[in-house]
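# Observations on chain architecture
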Amino acid sequence: MDVSTLFDDVKRMNKRQFLYQVLSFGMIVSSALMIWKGLMVVTGSESPIVVVLSGSMEPAFHRGDLLFLTNYPEEPVRVGEIVVFKVEGRDIPIVHRVLKLHEKENGTVKFLTKGDNNSVDDRGLYAPGQLWLTKKDVVGRARGMLSLLV
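All figures in this text were calculated on a predicted structure; none of them were measured in a lab.

Calculation notes
Residues numbered from 1 in each chain as written. Predicted model: local features only at pLDDT ≥ 70, side-chain atom pairs only at ≥ 80, totals over all residues. Heavy atoms only, no water. Buried < 20%, exposed > 50% of the residue type's maximum accessible area, 1.4 Å probe, protein only. Helix = DSSP H or I, 4+ residues; strand = E, 2+ residues; numbered from the N terminus. Pairing = 2+ DSSP bridges. Polar contact = N/O pair within 3.5 Å; in protein donor to acceptor, adjacent residues only side chain to side chain. Contact = heavy atoms within 4.5 Å. UniProt positions renumbered as here; feature names shortened; annotations may be inferred. Expected span 1.5 Å × (residues − 1).

### Brief notes about the pairing of strand β3 (residues 82-85)
Where burial is concerned, the two faces of β3 agree: the one with Ile-82 and Val-84 and the one with Val-83 and Phe-85 are both buried. Both β3 and strand β4 (residues 94-103) contribute to a ladder of four bridges, which runs antiparallel. For Val-83, the partnering residue across the bridge sits in β4 and is His-96. Bridge count for β3 against strand β6 (residues 138-146) is three bridges, and the pairing is antiparallel. Bridging from a neighbouring strand, Val-84 pairs with Gly-140 of β6.

Following this line, the structure appears as structure tokens:
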């Protein structure tokens, strides 16, 4: 179907049919946005569902897998846990496992991450001068997954 036949179909519709189509489309879009915002509130994560974009976490996760995230502030970060984090200067979040924890006497916790399929830790991925991540860097923690079905 090309663009000209699409316009011809729209021209043949009466105003009531056209308005009905526009309203139906608007309802679908607004419903999707409400569901997304609801998931954000329930999970505490700015991005409750993410797609794995690289092979750095294989064999646990593969490219195209969907991860379901939560990010409750009262839950402590643990070694071995899979976190999704953003670092300054990068727009795309990274999915990696917590490798080490560094707890200070004042109660602050910093941690180091590494991809399961990577040979070195993630310090090379962090912002310049950053050696550890903090909870403010975390977008969410993996709680479930849907594997690529191809």
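### As for the pairing of β6
Judged from the five bridges that link them, strand β2 (residues 66-70) and β6 form a sheet pairing that is antiparallel. Bridging from a neighbouring strand, Leu-66 pairs with Leu-146 of β6.

### Remarks on the side chain of Thr-43
Looking at the element boundaries, Thr-43 is found in helix α2 (residues 15-43). Using a relative accessible area of 10% as the deciding quantity, one classes Thr-43 as buried. A polar contact is formed between the side chain of Thr-43 and the backbone oxygen of Leu-39, at a distance of 2.7 Å. In contact with Thr-43, other than residues within four places in its own chain, are Pro-48, Leu-69, Thr-70, Asn-71 and Tyr-72.

### What to know about the UniProt feature "domain: Peptidase S24/S26A/S26B/S26C" (unreviewed entry) in the protein chain
According to UniProt, the positions carrying the feature "domain: Peptidase S24/S26A/S26B/S26C" (unreviewed entry) are residues 36-122. Measuring from the first to the last C-alpha atom of residues 36-122 gives 30 Å, for a span that is 9% helix and 32% strand.

### Regarding α2
Look at α2: 42 Å from first C-alpha to last across 29 residues, which is about the 42 Å you get at 1.5 Å a residue. Trailing α2 by a residue or two, Gly-44 shows a phi angle of about 75°, which is positive.

### Topic: the environment of Leu-67
Within the secondary structure, Leu-67 sits in strand β2. It is 19 Å that separates the C-alpha atoms of Leu-67 and Val-79, two residues lying twelve residues apart in sequence.

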